[in-house]
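The primary structure of each chain is shown beneath.
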Amino acid sequence: MTTKEKIEHLRKEKARLIQGGGEKRIQKQHESGKLTARERIGLLCEPETFQELFLFAKHRGTAFGMAGQDLPADGVVTGVGTVNGRQIYVASQDFTVSGGSVGEVHANKICQTLDMALKSGVPVVIFNDSGGARIQEGIDALNGYAKIFYRNVLLSGVVPQISIISGPCAGGAAYSPALTDFIIMVRGIGKLFITGPQVIKQVTGEVISDEELGGAMAQQKESGVVHFIAESDQHAIEICQKLLSFLPSNNIEDPPEYGDGEIVFAEDPGLDKIIPDSPREAYDIKDVILRVIDNGDFLEVQEHFATNAIIGFARVNTRSVGIIANQPMSFAGAIDIDASDKIARFVRFCNIFNIPLVTFVDVPGFMPGVQQEYGGIIRHGAKILFAYSAATVPKITIILRKAYGGAYIAMCGKELGADRVVAWPTAEVAVMGAEGAVPIVYRDDIKKAEDPQAARKAFIQQYQDQFANPYLGAARNLIDDVIEPRHTRRYLSLALESLRTKRELRPQKKHGNIPL
Ligand code: HXC
């Protein structure tokens, strides 16, 4: 071949490989509401920035008629491009090629991509759209999964890893996304379960649809596996881009800053009106969050899971922060097993990636109940204590109203290493609420009283006057200051600025033993 012919051959070969499984299968992909692997990357990365790696990869399978079978790029597109001007490694499974099934070479491509992301300290995005282990490749396929899992763990804590579930991802395959930091899933399209409805029917007799079992809502609301629900591939990619904007590229960088850096000194009188006069009345904690962050721009994580706790990313004075809050509108904000897991994992993520923690407290306590005890609320609740205590990023705690008992401590009280604890004048910091405390402390006095009801009421008032305020905590330096709600944003901005250079060293060890 002449040089010209060789170049022409290369062009043709690339054009053929880029077609993946061919027109018919691409059409089927579109008809089922999905973009192709390459279209997804095209939307995720900035134009012209994507450099594909391993386009010419070929499987080595011979069994079950695999010999000589043409599987372009072996069913996964891998490479590196930019999002918001920052490098991102991507692996995007191509369902049009053998159903995106994972064989030896397919897995190796993903592994090599992960290896390079690790070396360069660059985040990874993996699109999952696959029929699972390539049946014809047997143990080589399984081994491929094991190699991916191993690397997911190796990268964990070094670079952010984001999984997008934009097709099937069932059986053991679901464990790769589970090992990454965030899962974004397309509603009605993504399927995520260990055993599908048919197997479940055979084994347990339960009848359930695909979507009810492994759809995006089920795997967020019921199991807490999914972090973000998207309405389409495009939407999933938008969420991914936004999420990346809050994160540094790796654990030794700080998150990028967006905005002009001007501290907002203006008061917000609206905040003074949020806490109801009655302690029994609920309010929406998101009204507080949205008022103290830049542009009211809050990326909530796991919106439908454990709604009694709110977590998510925002910026305060241009800097990324992780927000953690109790939600009085759901179970009065009490912390249960799911809320514990939700908060603890988020705190650990933020700590890894140098994202300061801002905690809003209005918590009546840990959730009582036999199921909570049998389910291990002790073990799960301890995760929050562990995660906050272990976190060395700046930690700012704002007590809005109730802060009772162990839950007061768990929501990043001063002695868990909070750098700042500030309270609104509406704060009530005590071992328990007046209704619970009075019958214990004043039992005999109430019994002896002429009018026990009136006595109980008077003791409740007395307890509230004495304990249900922030000033006892402030007197012990457990609360740094009591501020008017309207000054919260300014307080937060200045506190974060003052903590920019915070460094906290801990004893060297392999890792602590978080109660899992
Ligand atoms: C090889 C596969 C495949 C697989 C799909 N294909 N899954 N090839 N291994 N695991 C191929 C099909 O043969 C077909 O090839 C093409 O992909 C598209 O598949 P369809 O069935 O036509 O698509 P659809 O109707 O959309 O159904 C998608 C599906 C179904 C639900 C994913 O294909 C399916 O049930 N596949 C098998 C799933 C499975 O049991 N996987 C193994 C799980 S165990 P052609 O050439 O016709 O286009 C596992 C263990 C992992 O993954 C363990 C890790 C620890």
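The structure this text deals with has already been given above.
Residues numbered from 1 in each chain as written. Predicted model: local features only at pLDDT ≥ 70, side-chain atom pairs only at ≥ 80, totals over all residues. Heavy atoms only, no water.

Before going further, it helps to spend a moment on the pairing of strand E5 (residues 161-165). The buried count for E5 comes to 5 of 5 residues, which makes it a mostly enclosed element. Residues Gln 161, Ser 163 and Ile 165 line one face of E5 and the alternating positions Ile 162 and Ile 164 line the opposite face, and both faces are buried. Sheet analysis places strand E4 (residues 124-128) next to E5, joined by 5 bridges and oriented parallel. Across the sheet, the residue bridging to Phe 127 is Ile 164, located in E5. On the question of chirality, the crossover connecting E4 to the parallel E5 by way of helix H5 (residues 138-155) is right-handed. (Buried < 20%, exposed > 50% of the residue type's maximum accessible area, 1.4 Å probe, protein only. Helix = DSSP H or I, 4+ residues; strand = E, 2+ residues; numbered from the N terminus. Pairing = 2+ DSSP bridges. Right-handed = clockwise from strand over helix to strand, strands pointing away.)

Counting 66 residues, the largest nonpolar core has Leu 44, Val 125, Ile 184, Phe 313, Ile 324, Tyr 388 and Ile 399 as its most contacted members. For this core, the element with the most residues is helix H12 (residues 337-352), which contributes 7 residues. Those residues in contact with Val 125 that sit more than four places away from it in its chain are Leu 44, Ile 88, Tyr 89, Val 90, Ala 91, Ile 162, Ile 164, Cys 240 and Leu 244. Counting residues in hydrophobic clusters, the runner-up holds 29 residues, among them Leu 271, Ile 396, Trp 424 and Leu 499. (Core = buried A, V, L, I, M, F, W, Y, C linked by side-chain atoms within 4.5 Å. Contact = heavy atoms within 4.5 Å.)

Together, Val 431, Met 432, Ile 440 and Val 441 line one region of the surface with nonpolar side chains, adding up to about 400 Å² of accessible area. Take Val 441: it is sitting in helix H16 (residues 434-441). (Patch = residues over 30% accessible without salt bridge, like charges linked within 9 Å, V, L, I, M, F, W, Y side chains within 5 Å. Areas by Shrake-Rupley, 256 points an atom, 1.4 Å probe, with all protein chains shown as cover. Salt bridge = Lys/Arg side-chain N within 4 Å of Asp/Glu carboxyl O.)

Taken together, 17 residues lie near the ligand, and Arg 25, Gly 99, Gly 131, Ala 133 and Ile 135 sit nearest. Contact distances for the ligand include 3.0 Å between an oxygen atom and a backbone N or O atom of Gly 99. Within the contact set of the ligand, a nitrogen atom lies 3.1 Å away from a backbone nitrogen or oxygen of Ile 135. Coverage of the ligand by the protein amounts to 51% of the 1000 Å² it exposes when considered alone. Elements with a contribution of two residues or more to the shell around the ligand: helix H2 (23-31) and H5. (Near = heavy atom within 4 Å. Polar contact = N/O pair within 3.5 Å; in protein donor to acceptor, adjacent residues only side chain to side chain.)

Once that is clear, we can look at helix H4 (residues 104-120). Along its 17 residues, H4 runs 24 Å from first to last C-alpha, staying within 8% of the 24 Å computed at 1.5 Å per residue. Within H4, the full set of buried residues consists of Glu 104, Val 105, His 106, Ala 107, Lys 109, Ile 110, Cys 111, Thr 113, Leu 114 and Ala 117. Along its buried surface, H4 packs onto strand E1 (51-53), strand E2 (76-83), strand E3 (86-93), E4, H5 and E5. Phi turns positive one or two residues past the end of H4, at Gly 121, with a value near 65°. (Expected span 1.5 Å × (residues − 1).)

Right, let's get into the layout of surface pockets. Where empty space is left becomes clear once a probe the size of a water molecule has been rolled over the atoms. In this structure, the second largest pocket occupies an estimated 310 Å³ of space. If you go around the second largest pocket, you meet 14 residues; those closest to its centre are Lys 402, Tyr 404, Gly 433, Ala 434 and Glu 435. Of all the secondary structure elements, the ones that give two or more residues to the lining of the second largest pocket are strand E14 (395-404) and H16. Sort the elements by how many residues they give to the lining of the second largest pocket and H16 lands first, with 3 residues. Here the lining of the second largest pocket is built from residues that sort into 7 nonpolar, 3 polar and 4 charged. (1 Å grid on protein atoms, 1.4 Å probe; cavity = no way out; pocket = protein on both sides within 12 Å on 5 of 7 lines; lining within 4 Å. Points joined across faces, edges and corners; volume = space filled by probe spheres on them. Nonpolar A, V, L, I, M, F, W, Y, C, P; charged D, E, K, R; others polar.)

Another aspect to go through is empty space enclosed by the protein. In total, this model carries 1 cavity of 30 Å³ or more according to the counting rule given. In this structure, the largest cavity is lined by Gln 93, Val 102, Ile 110, Ile 126, Asn 128, Ser 130, Tyr 145, Ile 148, Cys 169, Ala 173, Ser 176 and Pro 177. Put simply, the parts of the chain that give the lining of the largest cavity at least two residues each are E4, H5 and helix H6 (175-179). Taken together, the residues that form the lining of the largest cavity break down as 8 nonpolar, 4 polar and no charged.

Angle between the axes and distance between the axes are the two parameters that describe a pair of packed helices. Helix H10 (residues 233-245) packs onto helix H3 (residues 37-44) with a crossing angle of 40° between their chain directions and a minimal axis gap of 10 Å. Regarding the angle of H3 to H10, the classification is oblique. Crossing hand, H3 versus H10: right-handed. In this structure, H3 contributes Arg 40, Leu 43 and Leu 44 to the contact, and H10 contributes Asp 233, Gln 234, Ile 237, Cys 240 and Gln 241. (Axes fitted to C-alpha atoms, helices over the stretch in contact; angles between N-to-C directions. Parallel < 35°, antiparallel > 145°, perpendicular 65-115°, else oblique. Left-handed = near helix turned anticlockwise from the far one by under 90°.)

Inspection of the secondary structure puts Val 292 in helix H11 (residues 285-292). For Val 292, a relative accessible area of 0% corresponds to the buried category. Remark: the alpha-carbon pair of Val 292 and Tyr 491, spanning 199 residues in sequence, is separated by 9.8 Å. When near neighbours in sequence (up to four residues on either side) are disregarded, Val 292 contacts Leu 271, Val 316, Phe 360, Thr 488, Arg 489 and Leu 492.

A few words now on the sheet that holds E1. Paired through their backbone hydrogen bonds, the strands of a sheet run either parallel or antiparallel. Strand order in this open sheet of 7 strands is E1-E2-E3-E4-E5-E7-E9, and the pairing throughout is mixed. Edge strands, defined here as strands with exactly one partner in the open sheet, are E1 and strand E9 (228-230). For this sheet, the mean inter-axis angle between neighbouring strands, taken without regard to orientation, is 20°. Seen against the sheet, H10 touches E2, E3, E4, E5, strand E7 (182-186) and E9 and runs at an angle of roughly 145° to E9.

Following the sequence through the fold, Asp 233 ends up in helix H10. Asp 233 sits in the buried class, given a relative accessible area of 3%. Within polar-contact distance, the side chain of Asp 233 engages the side chain of Arg 40 at 3.1 Å. The residues contacting Asp 233, other than those within four sequence positions of it, are Gly 33, Lys 34, Leu 35, Arg 40, Ser 166 and Val 186.

Okay, the packing of aromatic side chains next. Any two aromatic rings considered together are summarised by their centre-to-centre distance and by the angle between their planes. Tallied over the entire structure, the rule returns 10 aromatic pairs. Arranged with centres 5.9 Å apart and planes meeting at 70°, the rings of Phe 182 and Phe 313 form a pair that is edge-to-face. Residue Phe 182 is found in strand E7, and its partner Phe 313 is found in strand E11 (residues 309-316); the two are separated by 131 residues along the sequence. With relative accessibility at 3%, the residue Phe 182 sits in the buried group. Chaining the aromatic ring pairs together yields one cluster made of Phe 182, Phe 228, Phe 246, Phe 313, Phe 346, Phe 349 and Phe 353. The cationic tip of Lys 34 hangs over the ring face of Phe 95; the distance from NZ or CZ to the ring centre is 4.2 Å. Lying across the ring of Phe 246, Arg 315 places its NZ or CZ 4.2 Å from the centre. (Phe/Tyr/Trp six-rings, centres within 6.5 Å; stacked < 30°, edge-to-face > 60°. Lys NZ or Arg CZ within 6 Å of the ring centre and 35° of its normal.)

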